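Overview (structure and organization)
Residues per chain, in single letters:
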Amino acid sequence: MAKVLVAYYSRNGHTEEMANYIAEGIRIAGCEAEVKPISEIKNEKDLQGYDAYLFGCPTYHRDMTGNMKSFLFLAEKANLEGKPGGAFGSYTHSGDAPGIIFETMEYVFKMNVTNLGSFKLKEATIGDNIKSCQDYGKVICEMCAG
Ligand SMILES: Cc1cc2nc3c(=O)[nH]c(=O)nc-3n(C[C@H](O)[C@H](O)[C@H](O)COP(=O)(O)O)c2cc1C
């Protein structure tokens, strides 16, 4: 069974909520999902053994957070080239982080990013968008099947 890593940072729990709904979609589609805060990923070896990767981060100060930047430098060493990937996050008004992370996955890591693009939700609307979260997860699982 293909295994998808959903690695996220969340200060107030909204991006974490998205991560869990996305993981539900991955499981509904028949893949295994592991949901992990990036604080639990200590080195590039912790990124080995997965078939696909989703990285989640909220937008603060029109940017991804500092710890997510450090995490991406760690991920750079993991050789994720060709692996299916996507990025997501919660926001209130500009929602820049998922798009920037997605670009890094596409152009720097050369991952096989989903043609859905990055996935962002205004924090007040997450509860109304459980299905869109699940659908994002489903597509990543389907990409693992080729
Ligand atoms: C100091 C601060 C700065 C923020 N800057 C932005 C921003 O530039 N753009 C935006 O869309 N949301 C911004 N937000 C809102 C957060 O992205 C939003 O609350 C998000 O849902 C938090 O996700 P989390 O619960 O996973 O931490 C900011 C929030 C705070 C407290």
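Rules behind the numbers
Residues numbered from 1 in each chain as written. Predicted model: local features only at pLDDT ≥ 70, side-chain atom pairs only at ≥ 80, totals over all residues. Buried ≥ 20, exposed ≤ 12 C-beta atoms within 10 Å, placed from the backbone. Helix = DSSP H or I, 4+ residues; strand = E, 2+ residues; numbered from the N terminus. Pairing = 2+ DSSP bridges. Right-handed = clockwise from strand over helix to strand, strands pointing away. Axes fitted to C-alpha atoms, helices over the stretch in contact; angles between N-to-C directions. Parallel < 35°, antiparallel > 145°, perpendicular 65-115°, else oblique. Left-handed = near helix turned anticlockwise from the far one by under 90°. Contact = placed C-beta atoms within 7 Å.

Counting buried residues in strand β1 (residues 3-8) gives five out of six residues, a clear majority hidden from the surface. Sheet analysis places β1 next to strand β2 (residues 32-37), joined by six bridges and oriented parallel. Bridging from a neighbouring strand, V6 pairs with V35 of β2. Chirality of the crossover, the property in question, places the unit of β1, helix α1 (residues 14-28) and β2 among those that are right-handed. Relative to strand β3 (residues 52-56), β1 is paired through five bridges, and the arrangement is parallel. Across the sheet, residue V4 finds its bridge partner in β3, namely A52.

Close contact between α1 and helix α4 (residues 130-144) brings their axes to 6 Å; oriented N to C, the two are set at 50°. Taken as axis vectors, α1 and α4 run oblique relative to one another. The element α1 and its partner α4 pack so that their crossing is right-handed. Here M18, Y21, I22, A23, E24, G25, I26 and I28 of α1 come into contact with α4, specifically with I130, C133, Q134, D135, Y136, G137, K138, I140 and C141.

Our focus in this paragraph is unusual backbone geometry. You will see that R62, though not glycine, has its phi angle at about 55°, which is positive. Mapped onto the elements of the fold, R62 is located in the loop between β3 and α2 (66-76). Overall, R62 belongs to the exposed group, with 12 C-beta atoms counted inside 10 Å. Even without a glycine there, the phi angle at K110 is positive, about 55°. Within the secondary structure layout, K110 lies in the loop between α3 (97-108) and β5 (112-113). A count of 14 C-beta atoms within 10 Å places K110 in the partly exposed class.

Coordinates in, geometry out; function isn't part of it.
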